[in-house]
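For reference, the chains in residue letters:
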Amino acid sequence: MLDMKYLRKNTEEARRRLQERYVEPEKLDELLKLDEDRRTIISEVEGLKAQRNEVSDKIAFAKRQKEDASDAIAEMQKVGAKIKELDAKQAELDAKVQELAAHMPNLAAADVPVGPDEDANVEQRKWAPKDYGTRPHALEKQPDWIKPHWEIGENLGILDFERGAKVSGARFLYYIGDGARLERAVYNFMLDEHRKEGYTEMITPIVVNDSAMYGTGQYPKFQDDAYRVEGLDQTYIPTAEVPLTNYFSGETIPAEDLPIKFTALSPSFRKEAGAAGRDTRGLIRLHQFNKVEMVKFTKPEQSYDELEKMTANAENILQKLEIPYHVIMLSTGDMGFSAAKTYDVEVWLPAQNVYREISSCSNTEDFQARRMHITYRDDEGKLQLVNTLNGSGLAVGRTVAAILENYQNEDGSVTIPEVLRPYMGGEEKLQATPHF
RNA sequence: GGAGCUAUGGCACAAUCUGGUACUGCAGCGGACUCGAAAUCCGUCGAGCCGUCGUAUGGCGGUGUGCGGGUUCAAAUCCCGCUAGCUCCUCCA
């Protein structure tokens, strides 16, 4: 949620910054007009309420003195009717202002590249291991035996997309045997790494209420992509960002506790509305996937430093796994609704010869905190909104895909990255193990 | 799922039956006493949100007794709906 006072006082700047986010300027004009109408009504109705309060006191006093007050009561009946009418008008305007404001995305930070889509994103840095050994190399032509991860997984008998589709539908799958074990090793490794960095590990509700979805900005605009529980005002989370960030909703956090860092593994549910036909194979775009999430609550002056650190925490996972990636800064048109600035970490998938998003780290500044009313007291004792950040650390299924593709061998086996071996009972290789 | 009870400032509580300035204590803040502190005494204390005025510490007004409605000149109080917690029954890992 944007700050109405900012929009009123800095209208021209706001207009420009909203245009950067591809919001039509008319939306802002409409919002400000409604806001003005609303304030006019408030002034009017508050005057009447002040009058009513005053006269009611007099009536109370008169009654105590056993005097007659029927004239005043008759007069206040008229005032009361007028107040009721204006209250209703104000409620209507409040709802309209709320509706419009709730659909406005966050403003971009000053250094975010302006552009309509991913073509305007700007690469920040690239990383690759010093020694690839015999693995497919990010910078060289790929050998012709290289396979996409879904073929590797099916050949090894560790991924079953067909049964997933049979039992649930497209974009669902089973992990089997070593596949399930690998997924578990990956997210345990991630959680352990984040714990070392001071994140508090959480297990959160996977179903949340509407106000939580609204608080982080998924609602009201993106309801179509959510798995909503029929008959209840609850939703299967699209990311653990929702329960983690809403943990403090409505609360004032002691300033000395900031910054606070949470991490959680959770399944994430997305309908992927509008993605029909894209990435239909493999682990890239599923309706249900595991993700390790990072969330931070900070003071405003800390939040951009903490964004850099969070992105580094995501990168750390891929560096320890020794998988190539690059980091890009998203453009104003490609960023998510609540974000002021976003870094995507994209992992290299050799079989497709592309970088694919595996983490998205965003600073929402006070955009979510304003919706959720999360505050702290500054040095002067005044309440201020905290800043909230969120990032994947990392998408687990996509990490498994990256491991399968980057660590595949010509004989169809997959070498297990060294850091995962302690989590895999010391095993060094995934071999074909037909199960069922 | 059924029944009963509960929800008031940072904390603990009163006022609810019988509608009329939300009591008191603790904590907090300011002051007195003191070399200083404790104790004591005096004063102050509804966080936040909204509107408005002001360069501003802030003033004025509105709102604010879990949430949303209703009745009334006036609601913590009466009525309806909801949420959460507790107790019992039922069920369950």
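It should be emphasised that the depicted structure is a prediction, and the values quoted were computed from it without experimental measurement.

So, how was this worked out
- Residues numbered from 1 in each chain as written.
- Chains lettered and ligands numbered in written order.
- Predicted model: local features only at pLDDT ≥ 70, side-chain atom pairs only at ≥ 80, totals over all residues.
- Heavy atoms only, no water.
- Near = heavy atom within 4 Å.
- Polar contact = N/O pair within 3.5 Å; in protein donor to acceptor, adjacent residues only side chain to side chain.
- Helix = DSSP H or I, 4+ residues; strand = E, 2+ residues; numbered from the N terminus.
- Nonpolar A, V, L, I, M, F, W, Y, C, P; charged D, E, K, R; others polar.
- Pairing = 2+ DSSP bridges.
- Axes fitted to C-alpha atoms, helices over the stretch in contact; angles between N-to-C directions.
- Patch = residues over 30% accessible without salt bridge, like charges linked within 9 Å, V, L, I, M, F, W, Y side chains within 5 Å.
- Areas by Shrake-Rupley, 256 points an atom, 1.4 Å probe, with all protein chains shown as cover.
- Salt bridge = Lys/Arg side-chain N within 4 Å of Asp/Glu carboxyl O.
- Lys, Arg positive; Asp, Glu negative; His and termini not counted.
- Charge placed at Lys NZ, Arg CZ, Asp CG, Glu CD.
- Core = buried A, V, L, I, M, F, W, Y, C linked by side-chain atoms within 4.5 Å.
- Buried < 20%, exposed > 50% of the residue type's maximum accessible area, 1.4 Å probe, protein only.
- Contact = heavy atoms within 4.5 Å.

Draft legend 1. Examining the protein's contact with RNA strand B more closely. Around RNA strand B, a shell composed of 22 residues is seen, among which Glu-46, Asn-53, Arg-64, Gln-77 and Lys-84 lie nearest. Counting only atoms of RNA strand B within 4 Å of the protein, the sugar-phosphate share comes to 72%. In this structure, a phosphate oxygen belonging to RNA strand B sits 2.9 Å away from a side-chain N or O atom of Asn-53. With respect to RNA strand B, the side chain of Lys-84 contributes an N or O atom lying 2.9 Å from a phosphate oxygen. Among the secondary structure elements, those contributing two or more residues to the surface near RNA strand B are α1 (4-9), α3 (25-64) and α4 (70-102). Residues of the surface near RNA strand B, tallied by class, amount to 7 nonpolar, 4 polar and 11 charged.

Draft legend 2. View of the sheet that holds strand β7 (residues 234-236). Spatially, the 3 strands line up as an open sheet ordered β5-β7-β6, and their pairing is antiparallel. With one partner strand each, in any of the chains shown, β5 (207-209) and β6 (227-229) form the two edges of the open sheet. Taking each pair of neighbouring strands and ignoring which way they run, the sheet shows an average axis angle of 35°. Sheet analysis places β5 next to β7, joined by 3 bridges and oriented antiparallel.

Draft legend 3. Broad picture of a negative patch on the surface. Taken together, the side chains of Glu-67, Asp-68, Asp-71 and Glu-75 make up a negatively charged region of the molecular surface. Among the structural elements, Asp-68 can be located in the loop between α3 and α4.

Draft legend 4. Representation of the nonpolar core. Core analysis: the biggest nonpolar cluster contains 59 residues, and Leu-404 and Leu-430 have the highest contact counts within it. Sorting elements by how many residues they give to this core places helix α7 (residues 178-196) first, with 7 residues. The residues touching Leu-430, leaving out its near neighbours within four places in the chain, are Leu-156, Ile-158, Asp-178, Leu-182, Leu-404, Ser-413, Val-414, Ile-416 and Met-424. Counting 32 residues, the second largest nonpolar core, distinct from the first, contains Met-4, Leu-7, Ile-41 and Leu-86.

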